[in-house]
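# Observations on the three-dimensional arrangement
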Amino acid sequence: MNRFDYIRPASVPEAVEAAAVPGSTYLAAGTNLLDLMKGGTARPERVIDITRLPGLDRIEWLPDGSVRVGALVRNSDLAYDDRFARTFPAVAEALLSGASAQLRNAATIGGNLMQRTRCAYFHDLASACNRRAPGSGCDAREGENRLHAVLGWSEHCIATHPSDFCVPLVALDAVAEVEGTRGAREIPVDALHVLPGAAPEQETALAPGELIVSLKIPAEATAFAHNARYLKLRERTSFAFAVVSVAAALEMEAGAIRKARIALGGVAAKPWRAREAEASLAGAEATPEAFAKAAEIALAEARPSGDNAFKIELARRIVARALTLALEGTPEAIPALPASPFSTTPGANHAA
Amino acid sequence: MGYHMSLSISLTINGLKREIALDDPRVTLLDLLRERLHLTGTKKGCDRGQCGACTVLVDGRRINSCLALAASLDGAEITTIEGLADGEDLHPVQAAFIAHDGFQCGYCTPGQIMSAVGLISEGNAGDDPERIRELMSGNICRCGAYQGITEAVLEAQKDLAERNRRDAA
Amino acid sequence: MPLETTSPLPQHRRHGSSAGQPLTRRDGVLKVTGRATYAADNHPDGILYAVTAVSSIARGRVTALDVEAAKAHPGVVEVLTPANRPPLAHDPDEKMPPFGFRVEVLQDDTVRYVNQPIAIVIAETLEAATEGAALLNPVYEVEPARTDLESGKRFDPEGIGIGAPARTAHGDIEAGLAAAVRVTEADYVTPPQYHNAMEPHAVVAQWDGDRVTIDMPNQTLALSCASYAAYFGIPAENVLIRSPFLGGGFGSKAILNGPQILAILAARMLNRPVKLALTRAQMYGPVGHRGRTWQKLRLGVDEEGRLTALHHQALCTTSSFDEFLEPAANASLPLYASPAILAEHEGLRLDVGTPGPMRAPGLASGSAALEVAMDEAAEACGMDPLDFRLANYAETEPVTGKPFSSKALRECYAEGAKRFGWSGRPLAPRTMRDENGFLIGWGMGTAVFHCPHFPAEARATLRADGTALMETAGADMGQGAWTALAQIAAEALGLDPDQVELHSGISSLPDGGIAGGSGHTASAGLALHNAGEDAIARLAELATNDPASPLFGAGNIGVVARSGRLHRRDDESRGESYAEILARAGRSDVVGTAKTARDPAVASAHAMYSHGAVFAEVKVDPDLGQIRVARLVGAFAAGRIINPRLVRSQYFGGMIWGASFALHEEAIADRRTGRIMNADLAEYHVPVNADVPSLDAILIPEDDPHVNPIGVKGVGEIGITGTVGAIANAVWHATGVRVRRFPVRVEDLLISREFA
């Protein structure tokens with residue numbers, strides 16, 4: 001780890017001002033940043049510790065039914081907040097399926113939004129990586145890439161976004177509230193992470209020095225509370241990143257689907273919202289055929305970036321399954337194995 | 001507002017308040033405990049938040065001390081494995097780990113125990129072994145003592161609940 | 001769950017003995033309080049920190065290192081490179097006898113594998129040393145990496161494992177295959193795996209003139225002392241290794257490695273104590289691994305389902321510059337009766353660190369393939385997999401015809417099957433589901449592991465206060481040596497374990513042999529047992545020759561030691577305490593010693609193995625292909641059990657390693673560069689707690705009058721064998737998909753035709 005200046009601002013304006021200096025980075029819990037710094041992928045000259053900024057550790061319910069979550073709220077505190085978990089169960093389940101209890105206790109909401117890819121070539125300093133070193137190439141493209149992107153990738157980068165939390169957030173139209181030297185603005189989480197295109201180093205829509213101060217989930221998203229799930233396929237039962245994951249939410253009305261929300265994780269450089277698949281379900285009967293069709297549509301544009309064609313088929317199946325689970329209804333309590341296919345809850349039928 | 005070379009922080013470690021002059025902002029809580037304060041009960045297994053061997057309680061919550069900058073924790077209360085027993089009286093989690101053979105080589109054990117203490121105080125597992133297994137999955141045990149660990153957590157949790165009932169009565 | 005105890009042989013049974021009892025670990029309190037001291041926990045005054053810089057290429061040369069940049073970093077004290085590395089007294093490119101490996105200690109600028117040390121940076125703080133190493137910014141002359149079958153170089157090895165022949169034949173394999181009514185032939189692939197003990201390899205070295213004290217986790221204290229002495233040109237007695245606790249070893253702490261030698265060298269050069277601990281990533285290279293294998297099995301079977309031929313071929317990887325080949329095909333030698341058996345090995349040189357023994361070397365990989373092949377052959381015969389194995393039960397060692405020293409495998413099969421509920425298992429796959437619709441499959445495999453016995457020494461001191469001190473330089477890496485050895489020692493002395501102090505884990509004590517090969521309890525245990533008996537005999541001599549003793553003249557009848565007293569064999573009422581005997585003799589203590597090894601006559605007359613049977617239930621998501629091991633039941637027979645609590649834990653650990661082999665572990669090397677792209681614990685998956693919801697281990701009683709005088713076999717490694725196959729076979733039974741590549745991955749199921 002390189003030596004750096006450690007700066008601990010007392011207010012958001014101070015933080016934003018401090019971060020305006022090139023070479024600065026924000027430090028919250030550090031569960032991702034310190035990992036990157038130890039590996040040498042990140043070598044900031046100035047570390048702006050925002051953990052003491054006042055007012056960013058609150059969960060605030062607004063009069064219109066939406067919720068504002070401060071950027072410094074810890075993952076576990078949000079997931080175990082009763083009202084939040086009841087209102088946005090897929091978000092809580094996604095949070096609890098990510099990392100480990102220790103990491104969730106430390107990691108912050110804002111930090112989670114800023115999580116970097118797990119692509120091994122991004123982390124391996126000896127490899128070419130356009131995301132880490134613009135213009136150097138992409139060694140993942142012809143490398144060990146069975147877990148890489150199948151949607152939205154480019155010849156310049158085939159990395160995936162690792163967050164679980166962001167997947168249901170994107171499905172529910174959550175918005176990041178941002179402060180910068182040029183004032184405050186809102187960025188939909190769906191627009192926060194950007195696809196690689198020709199400039200994979202541009203990972204987010206944030207301007208240099210902009211700070212996420214909170215996250216808002218709109219009131220409309222509460223309509224999905226009764227039929228929302230997050231499902232995540234992993235290579236071990238717990239404490240593993242997703243091979244593929246899906247957030248699925250349905251708003252049911254008289255036995256038919258009024259609205260559907262679908263987003264996929266582990267398939268692209270950002271959480272992947274499947275809007276056309278959602279549209280195919282709006283007003284439809286909730287049948288296995290309708291779910292299968294939605295899954296087809298969701299993956300229609302998918303193509304392998306390497307040895308990962310199986311992820312496309314897997315994603316189709318997991319979309320259909322997640323929709324089935326959502327239709328069966330949000331479990332009374334977060335399952336013992338959150339988001340696992342083995343998180344059976346009484347009455348759920350996994351033989352779909 | 002900027003801190004450069006010498007950084008002074010205050011930590012309460014196992015009940016003892018300590019003023020610590022840090023000559024280097026890079027020091028993690030784990031390396032501070034082990035290499036500078038010589039509290040070596042907390043172990044380094046991966047140094048990257050992937051194994052849980054370095055688990056300690058910070059303000060009562062279990063975290064990976066390898067991924068926490070010491071400077072950032074200024075003012076925090078830290079509990080490590082050294083602070084768990086009451087003199088020679090083992091904490092119920094420690095005793096249960098021995099009784100259920102919840103370890104072999106012992107290297108992940110301080111982290112497992114601190115994680116179990118954190119898990120019990122979080123109170124989200126109930127007496128469901130499946131929830132305990134899930135919530136202990138951030139602590140890797142290469143020797144494979146998981147069955148004993150799960151049994152130990154269940155027993156210690158019961159034991160602690162009974163103590164609390166007794167104390168309340 | 002109640003712990004079973006096994007009844008020892010009559011000649012071993014002693015009234016009141018703690019051996020066979022499920023005592024808790026003697027080091028338990030130290031380990032749960034953080035007071036157990038592992039190597040890196042040591043902090044001698046004036047300590048410096050060392051961090052190695054490692055190569056990112058697999059083959060070539062280092063042409064430049066920015067030593068100036070590293071030295072300019074505040075706190076950096078010195079940088080060792082091939083240019084200034086002090087000389088060693090032993091050529092690191094020469095193997096160190098008796099079975100050392102070639103090591104990479106900056107002897108030149110060549111790079112032979114990824115993560116090879118190319119420099120070592122020493123600094124006042126860990127942070128400075130770490131950054132100093134990062135600043136070296138090496139420049140390489142890169143040669144193409146040989147990383148797979150296509151680019152690697154195949155060769156016929158002279159030997160495999162540690163000194164085993166590469167080819168073992170029994171009968172005529174082609175004739176056996178020709179006589180078969182069915183031949184099952186299949187290819188299997190196992191991946192490179194890394195030990196990944198939780199404790200990274202660490203060393204704290206301090207010199208005092210030409211004497212060195214080394215704190216390090218070490219499975220082979222005496223051998224290592226001799227090796228370090230040779231490298232540093234000093235007498236072996238000038239090397240003191242302290243290894244009171246090992247944070248796991250699994251074979252990776254049995255062999256000297258470059259980084260630790262370099263740290264010791266740096267301590268001598270700088271005349272200050274030096275601490276080095278590998279990073280997790282640095283453990284993927286210089287400290288051994290389980291090499292990849294490609295295996296082919298051909299099983300010929302007759303009408304009755306009996307083997308007519310068993311042909312096992314293994315292509316095993318090693319490094320470009322040294323040899324350790326998994327003796328994988330030898331897994332087919334001890335287990336199933338067949339008139340023709342052929343085990344053959346071929347080598348493949350890759351640009352990797354030299355592999356080494358890793359928990360159940362050879363047998364883990366070989367049994368994985370063999371047990372799946374046996375399942376496939378059973379399927380072809382339309383037989384239940386357990387019945388098929390029973391039809392091929394070996395009454396004598398198949399290749400040699402020797403009798404087994406003991407073999408309670410039938411009982412393992414029977415008890416394991418009963419506990420698991422195996423009977424009634426449908427033969428056809430994909431026929432069972434649970435209440436939630438998950439596919440269920442049941443599979444089984446046979447477990448086997450040999451019983452090596454290493455030369456060992458011990459000293460027993462009976463003290464005037466009636467307590468005893470037992471000493472042997474053994475190693476406890478989690479198997480429970482401190483406890484089990486104390487139980488053996490106490491039994492030999494006729495004392496309660498609480499009255500016996502056991503000193504071990506330091507090289508200045510009598511050589512406790514090797515803690516590996518599942519042979520430590522037997523080897524060090526026998527030495528302690530005999531030393532204890534020697535001490536008792538000396539005590540008895542004092543008493544029986546002392547007219548004042550009630551035991552006077554009992555010479556021919558003999559005396560018995562029990563509960564701290566000697567009494568006449570023919571009259572229990574006539575006796576006295578150890579303390580009384582010593583006091584009257586005016587002695588502060590009496591010392592017994594022993595030096596033990598296996599009796600070659602007994603060894604050559606018997607085949608010696610532990611055996612077991614493992615039964616697995618898996619659940620598989622019928623659409624998504626995610627697999628979970630729902631339960632594992634293992635039944636093992638391993639001679640006399642000293643401590644069932646600890647032995648059960650060893651079996652559990654082995655079974656979890658089996659699950660890991662079957663479903664999780666695989667190092668992924670980039671095909672172009674050889675760099676391991678998951679050199680960590682996040683993406684190199686070993687099981688977490690949630691992966692193993694239910695384990696059961698049955699301790700089958702087994703009396704072995706031959707294996708050694710204390711009747712003890714090994715339990716540390718056998719649990720992996722059998723389990724890998726059992727799980728893979730259960731996956732087949734659940735899904736109808738035969739996966740012959742480990743670990744089983746979701747896509748292996750998803751893309752197969754059988755998996756709808």
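Residues numbered from 1 in each chain as written. Chains lettered and ligands numbered in written order. Predicted model: local features only at pLDDT ≥ 70, side-chain atom pairs only at ≥ 80, totals over all residues. Heavy atoms only, no water.

## A closer look at the overall build of chain C
Heads up, the rule is: Here a helix means four or more residues in a row that DSSP labels H or I, a strand means two or more in a row labelled E, and each is numbered from the N terminus. With C-alpha atoms as the basis for the radius of gyration, the globule rule is written as 2.2 Å multiplied by the number of residues raised to the power 0.38. Think of it in three bands: residues with accessible area under 20% of the maximum for their type are buried, residues over 50% are exposed, and the middle band is partly exposed, with areas taken using a 1.4 Å probe on protein chains only. In these tables, accessible area is a Shrake-Rupley quantity obtained with a 1.4 Å probe, and a residue counts as shielded only by the protein chains included in the view. A positive count includes Lys and Arg, and a negative count includes Asp and Glu. His and the chain ends are not counted in either. Lys charges are placed at NZ, Arg charges at CZ, Asp charges at CG and Glu charges at CD.
Tallying secondary structure elements over chain C gives 16 helices and 30 strands in all. Taken over C-alpha atoms, the radius of gyration comes to 27 Å for chain C, in line with the 27 Å a tight globule of 756 residues would show. Counting only residues that meet the buried cut, chain C has 67% of its 756 residues in that class. Element-wise, carbon and sulfur atoms account for 51% of the exposed surface of chain C, whose accessible area totals about 23,700 Å². One finds the centroid of the 68 positive side-chain charges in chain C at a distance of 2 Å from the centroid of its 89 negative side-chain charges.

## Quick notes on the overall build of chain A
Heads up, the condition is: Residue contacts follow a heavy-atom distance rule, with two residues in contact if any of their heavy atoms lie within 4.5 Å.
Tallying secondary structure elements over chain A gives 13 helices and 12 strands in all. A compact globule built from 352 residues should have a C-alpha radius of gyration of about 20 Å, and chain A, at 20 Å, falls within 12% of that. Oriented by its inertia axes, the alpha-carbon framework of chain A measures out at about 60 × 50 × 35 Å. Counting all 352 residues of chain A, 66% fall into the buried class. Nonlocal contacts in chain A, meaning residues at least 24 apart in sequence, comprise 65% of its contacts between residues at least 6 apart. Surface summary for chain A: the accessible area is close to 11,900 Å², and the carbon and sulfur share equals 51%. One way to put it: in chain A the 37 positive side-chain charges average out to a point 3 Å from where the 41 negative ones average out.

## Some points on the interface of chain B and chain A
Rule in force here: Computed with a 1.4 Å rolling probe, the buried area is the accessible surface lost when two parts are put together, summed over both parts. Each salt bridge in this description consists of a side-chain nitrogen of Lys or Arg and a carboxyl oxygen of Asp or Glu lying within 4 Å of one another. For the purposes of these results, a polar contact is taken to be a pair of N or O atoms within 3.5 Å, where, inside protein, one atom must be able to donate a hydrogen and its partner to accept one; residues adjacent in sequence count only when each atom of the pair is a side-chain atom.
The interface of chain B with chain A comprises 42 residues on the first partner and 43 residues on the second. Counting the surface lost from both chain B and chain A, the interface buries some 3,500 Å², and carbon and sulfur atoms represent 50% of this. Inspection of the region where chain B meets chain A yields five salt bridges. Among the ionic pairs, Lys38(A) bridges to Asp47(B), the shortest N-O distance being 2.9 Å. Taken together, the links from chain B to chain A amount to 22 residue pairs in polar contact (both at pLDDT 80 or more).

## Some thoughts on the sheet that holds strand β3 (residues 76-80) of chain C
All names here are of chain C. Rules: Pairing between two strands requires that DSSP report at least two bridges joining them. Lines fitted to C-alpha atoms define the axes, with helix axes restricted to the stretch in contact, and inter-axis angles between N-to-C directions lie between 0 and 180 degrees.
A sheet is described by the order of its strands in space; here seven strands give the open sequence β3-β5-β1-β15-β12-β13-β14, paired in mixed fashion. Two strands lie at the open edges of the sheet, namely β3 and β14 (239-242), each paired on one side alone. When strand polarity is set aside, the average angle formed by the axes of neighbouring strands in this sheet is 20°. For strand β1 (residues 48-54) and strand β5 (residues 117-123), the ladder comprises six bridges, and the chain directions are antiparallel. Pairing of Val 54 across the sheet is with Pro 117, part of β5. The sheet strands contacting helix α6 (residues 258-270) are β1, β3, β5, β12 (202-208), β13 (211-215) and β15 (274-277), and the helix crosses β12 at an angle near 30°.

## Some points on the interface of chain C and chain B
Threshold: Gly counts as polar in this scheme, as do all residues outside two lists: the nonpolar Ala, Val, Leu, Ile, Met, Phe, Trp, Tyr, Cys and Pro, and the charged Asp, Glu, Lys and Arg.
Across the boundary between the two partners, chain C contributes 62 residues, which contact 47 residues of chain B. Three residues, Val32(C), Met198(C) and Asn689(C), lead the burial of chain C against chain B; their summed loss comes to 19% of the area buried on that side. For the pair chain C and chain B, the interface holds seven salt bridges. Residues Asp41(C) and Lys43(B) are paired through a salt bridge, measuring 2.8 Å at the closest nitrogen-oxygen approach. Across the chain C-chain B interface, the total number found is 35 residue pairs in polar contact (both at pLDDT 80 or more). Sorting the residues of the side of chain C that touches chain B by element identifies α1 (28-33), α3 (126-134) and α14 (644-663) of chain C as the ones contributing at least two each. If you tally residues by element for the side of chain C that touches chain B, the top one is α14(C), at nine residues. Taken together, the residues of the side of chain C that touches chain B break down into 30 nonpolar, 18 polar and 14 charged.

## What to know about the sheet that holds strand β22 (residues 468-471) of chain C
Sheet strands line up and pair through hydrogen bonds in the backbone, either parallel or antiparallel. All names here are of chain C. Judged by pairing direction, the sheet is mixed, and its four strands sit side by side in the order β23-β22-β21-β27 without closing on themselves. Looking along the sheet, the strands with just one partner apiece sit at the ends: β23 (500-503) and β27 (589-596). Strand-to-strand twist across the sheet, computed as the mean angle between neighbouring axes with direction ignored, equals 15°. Of the strand pairs in this sheet, β22 and β23 are connected by four bridges, and their pairing is parallel. Along β23, the bridge assignment pairs Glu 471 with His 503. Contacts from helix α10 (residues 481-493) reach β21 (456-463), β22 and β23, with the element oriented near 130° to β23. Contacting β21, β22, β23 and β27, helix α11 (residues 520-544) runs over the sheet at an angle of about 140° to β27.

## Details of the side chain of Gln479(C)
All names here are of chain C. With respect to the helices and strands, the residue Gln 479 is situated in the loop between β22 and α10. Judged by its relative accessible area of 16%, Gln 479 falls in the buried class. A distance of 2.9 Å separates the side chain of Gln 479 from the backbone oxygen of Ala 475, its partner in a polar contact. Reaching out from Gln 479, the side chain makes a polar contact with the backbone nitrogen of Met 477 at a distance of 2.7 Å. Setting aside residues no more than four positions away along its own chain, Gln 479 makes contact with Arg 25, Ala 515, His 520, Leu 646 and Gln 650.

## Notes on unusual backbone geometry
In this model, Pro97(C) is joined to Pro98(C) through a cis peptide bond whose omega is 0°. Looking at the secondary structure, you find Pro98(C) in the loop between β3 and β4 (110-111). Phi at Asp173(A) takes a positive value of approximately 60°, unusual for a residue other than glycine. Within the fold, Asp173(A) resides in the loop between α9 (166-171) and β6 (175-180). For Asp173(A), a relative accessible area of 31% puts it in the partly exposed group. A positive phi angle, near 50°, is found at Asn14(B), a position not held by glycine. Turning to its location among the elements, Asn14(B) is positioned in the loop between β2 (7-13) and β3 (16-22).

## Here we look at the domain arrangement of chain C
All names here are of chain C. Let me state the cut-off plainly: Start and end positions for the domains come from either an automated domain assignment or a database one.
Annotation of chain C at the domain level lists domain 1 (28-36 + 454-597), domain 2 (39-144 + 196-283) and domain 3 (402-453 + 600-756). Between domain 1 and domain 2, the C-alpha centre-to-centre distance is 39 Å. Of the residues lining the interface, 18 residues belong to domain 1; the matching set on domain 2 comes to 20 residues. Across the domain 1/domain 2 interface, buried area totals approximately 1,300 Å², and carbon plus sulfur atoms make up 65% of it.

## Side note on the packing of aromatic side chains
Residue and element names in this part refer to chain C. Using the following cut-off: Centres within 6.5 Å are what make two rings of Phe, Tyr or Trp a pair, Trp counting through its six-membered ring; a difference in plane orientation under 30 degrees is then read as stacked, over 60 as edge-to-face, and the rest as tilted.
In the structure shown here, the tally under the stated rule is 20 aromatic pairs over all chains. Residues Phe 101 and Phe 324 carry aromatic rings whose centres are separated by 6.2 Å and whose planes lie at 40° to one another, so their mutual orientation is tilted. One end of the pair, Phe 101, is in the loop between β3 and β4; the other, Phe 324, is in the loop between β17 (307-318) and β18 (341-349), and 223 residues separate them in sequence. Owing to a relative accessible area of 9%, Phe 101 belongs among the buried residues under this scheme. Arranged with centres 6.1 Å apart and planes meeting at 65°, the rings of Phe 404 and Tyr 609 form a pair that is edge-to-face. Note that Phe 404 is positioned in the loop between α8 (385-391) and α9 (409-420) and Tyr 609 in strand β28 (residues 609-620), a separation of 205 residues in sequence. In this structure Phe 404 comes out as buried when scored by relative accessible area, which is 11%.

## Here's the deal with the confidence of the model for chain A
Heads up, the condition is: pLDDT is a per-residue confidence score from the predictor, ranging from 0 to 100.
Mean pLDDT over chain A: 96, with 97% of residues reaching 70 or higher. Below pLDDT 50 for its whole length, residues 346-352 of chain A participates in 17 contacts with residues either more than four positions away or in separate chains.

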